[in-house]
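Structural features, examined
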Amino acid sequence: MAKRKVDTENRGFQTRWESEYMFTKVAGKPVCLLCGESVAVLKEYNLRRHYETKHADKNKNMDMEQRLQKAEELKRGLKSRQALFKKAKSQGQAAVKASFILAEEIAKSARPFTEGDFIKNCMIKVCDEVCPEKRQLFLNVSLSRNTIAERVDQLSINLKEQLVKKGKYFIAYSLAVDESTDISDIAQLSIFIRGVDSSLSVTEEFLALRPMHGTTTGHDLYEEVSRCVNEMELPWEKLVGLTTDGAPAMCGHRSGLVAKIREKMQEENATGELTAYHCIIHQEALCGKALKMEHVMSIITRTVNFIRAKGLNHRQFKAFLTELETEHGDLPYHTEVRWLSQGKVLQRCFELREEICLFLDSKGKDTTQLRDEMFLCEMAFLCDITSHLNAINLQLQGRDRVISDMYSTVKAFKTKLTLWETQMRKENLSHFPSCQTMKEKLSTSAFPSTQLADKIGMLTTDFRRRFADFEAQKSRLELLGNPFAVDVESSPPNLQMELIDLQYNDALREKYAAVGAAEFARFLPGTMPQLRIQAAQTLSMFGSTYLCEQLFSLMNLNKTSHRSRLTAEHLHSILRISSAQSLTPNIDELVEKMGHHQVSPSTSNK
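Values in this document were obtained by computation on a predicted structure and should not be read as measured data. (Residues numbered from 1 in each chain as written. Predicted model: local features only at pLDDT ≥ 70, side-chain atom pairs only at ≥ 80, totals over all residues. Heavy atoms only, no water.)

1. So, the pattern of salt bridges
Between side chains of opposite charge, a pair can form when the charged atoms approach closely. Counted according to the given criterion, the structure contains 21 salt bridges. A salt bridge links Glu233 to Lys168, with the shortest nitrogen-to-oxygen separation between them at 2.7 Å. Of the two residues, Glu233 is situated in the loop between α7 (218-231) and β6 (239-244) and Lys168 in the loop between α6 (145-167) and β3 (170-181); the sequence distance between them amounts to 65 residues. Here Asp454 makes a salt bridge to Arg425, at a shortest N to O gap of 2.9 Å. Separated by 29 residues along the polypeptide, Asp454 in helix α19 (residues 449-466) and Arg425 in helix α17 (residues 403-425) bring together distant segments of the chain. According to the relative accessible area criterion, Asp454 is partly exposed, its value standing at 37%. In this structure Arg425 comes out as partly exposed when scored by relative accessible area, which is 39%. Put simply, Lys160, Arg210, Glu224, Arg227 and Glu231 are held in one network by salt bridges that share partners. (Salt bridge = Lys/Arg side-chain N within 4 Å of Asp/Glu carboxyl O. Helix = DSSP H or I, 4+ residues; strand = E, 2+ residues; numbered from the N terminus. Buried < 20%, exposed > 50% of the residue type's maximum accessible area, 1.4 Å probe, protein only.)

Below you can see the structure in the form of structure tokens.
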């Protein structure tokens, strides 16, 4: 015989039991109004037995009306206590949520964890003036150093869990990897992931920052990257691209990171081939060295250092410019690591060339080189061409950049170089304003247009050489950039039939014109599965290691000489929070998990 299940018998609580047995219904269970005990099974016999054995003497002299009044009074008291408990619970949760919100803001602003105490003191002082009756609510918000450290770690773990969940739906993903050194001389390996799911939505997020205390060989790098991929539970066969800074440890043919990952993919029987790229932005910056005009830059750097290195010279130079009422009041420094600074220094030095010579003359310095007409022509050219290189550099920077768009930007610049070379040979300086200025001021010698045109030719050649790996992927990149212009016959056989259907679909052609290349891939119908997979693979590729470089800037903001003891775990958590793009911490979920209990703080070094 089957066992009876009381939950399925639909027994209902009867109102008369409130006055007869002093019971009420709370959350589906009968609760005694006199002692607060609950009865497991909702049966009149159980309620009557509880009342007669424990409370019969208390109300035996009351009539029915008095019993009803007593029951109502007890119910009001119970509801009052429940409301008080709910309010206390709500206030406790609000205090915990507030600590999470402030911890997130502290992490994003690169502030030390001890800032929590300072913020709380400010909050209390404001509260005392604005709403003193709510002082206790603000005091309940825990913002101690250990609490902030704990909250930051919890927020980071929540973001990682979200990324792991998203990663399970990636049909293609790529990695961007770069390495730098922090203030403590610890090598830090930055890894970002760019994944695409079946709906062709792109997720571009920070994967990990791995400290490397020993060597940084290709094998060491591979071990760290491999560990990250396995922790994310990502299948190796879905890895499409790997973008690096081009260092030998990254790109070595035998023992570099790229070679090791290709070996791993072969071991895993991955059918796809890994496409490895050298960061487009880094390549573009290196192309500038093909001009071989270091002699010009060295003179400029030496001049700027003479003015800026000594405080007295610098103050006198600024006063000198103020006296002359020049447009600019100072000279910027040039830093080799900061590529864009060279263009700014050159532009300012060219505009202040006469004032600089006058100042150096007053200091007894030789200005023969700075006044030489050939040097000034080369300086003007370097100023203009660096300005053009900086412009393309800025175009290539940023998040969520599609590699096909970046490739198109590089192609357009190569075409511009060809045009500039032709125009320079004809002494057409339309796109070189500084050169135009110098040509108008030349006294005797002619402007060296042929020599400078050769420089542009050298730059063009170097661009073609450095971007040869992107040229090899031209058909794949153009397929995403403009599938309607792709030659079907030269396309892979598995795409040809779908390409024909696509190119003769007027509705899809109109959609492409409306939303653009990057968004159009999401509108490819399910009847074109091969095109969707191809689009997913291309969308997942990184064109540069810009995100890694940006992360290193955040790392240097957080791990300073004043916070050099910041642990690797806490640095990792801070960077995951501050670099998150499409993911946001689910604070409500974290508060719900914690309930109203305090989480025990962990010790940390800040």
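2. What about the nonpolar core?
Within the largest apolar cluster, 153 residues are counted, with the highest numbers of intra-cluster contacts made by Leu175, Ile261 and Phe381. Considering each element in turn, this core owes the most residues, twelve residues, to helix α16 (residues 373-396). In this structure, Phe381 is in contact with Leu291, Met293, Met424, Phe432, Cys435, Leu452, Lys455 and Ile456, ignoring residues within four places of it in sequence. Grouped together as the second largest cluster of nonpolar side chains are 14 residues, Trp17, Met22, Leu42 and Ala71 included. (Core = buried A, V, L, I, M, F, W, Y, C linked by side-chain atoms within 4.5 Å. Contact = heavy atoms within 4.5 Å.)

3. Regarding a nonpolar patch on the surface
Together, Met497, Ile500 and Tyr504 give the surface a local cluster of nonpolar side chains, amounting to about 370 Å² of exposed area. Mapped onto the secondary structure, Tyr504 falls in the loop between α22 (493-503) and α23 (506-515). (Patch = residues over 30% accessible without salt bridge, like charges linked within 9 Å, V, L, I, M, F, W, Y side chains within 5 Å. Areas by Shrake-Rupley, 256 points an atom, 1.4 Å probe, with all protein chains shown as cover.)

4. Observations concerning the packing of aromatic side chains
This model, assessed by the stated rule, comprises twelve aromatic pairs. The interplanar angle of 55° and the centroid separation of 5.7 Å between the aromatic rings of Phe484 and Phe520 together place this pair among those described as tilted. Residue Phe484 is found in the loop between α21 (474-481) and α22, and its partner Phe520 is found in helix α24 (residues 517-520); the two are separated by 36 residues along the sequence. Given the relative accessible area of 11%, Phe484 is considered buried. Overall, Phe520 belongs to the buried group, its relative accessible area being 3%. (Phe/Tyr/Trp six-rings, centres within 6.5 Å; stacked < 30°, edge-to-face > 60°.)

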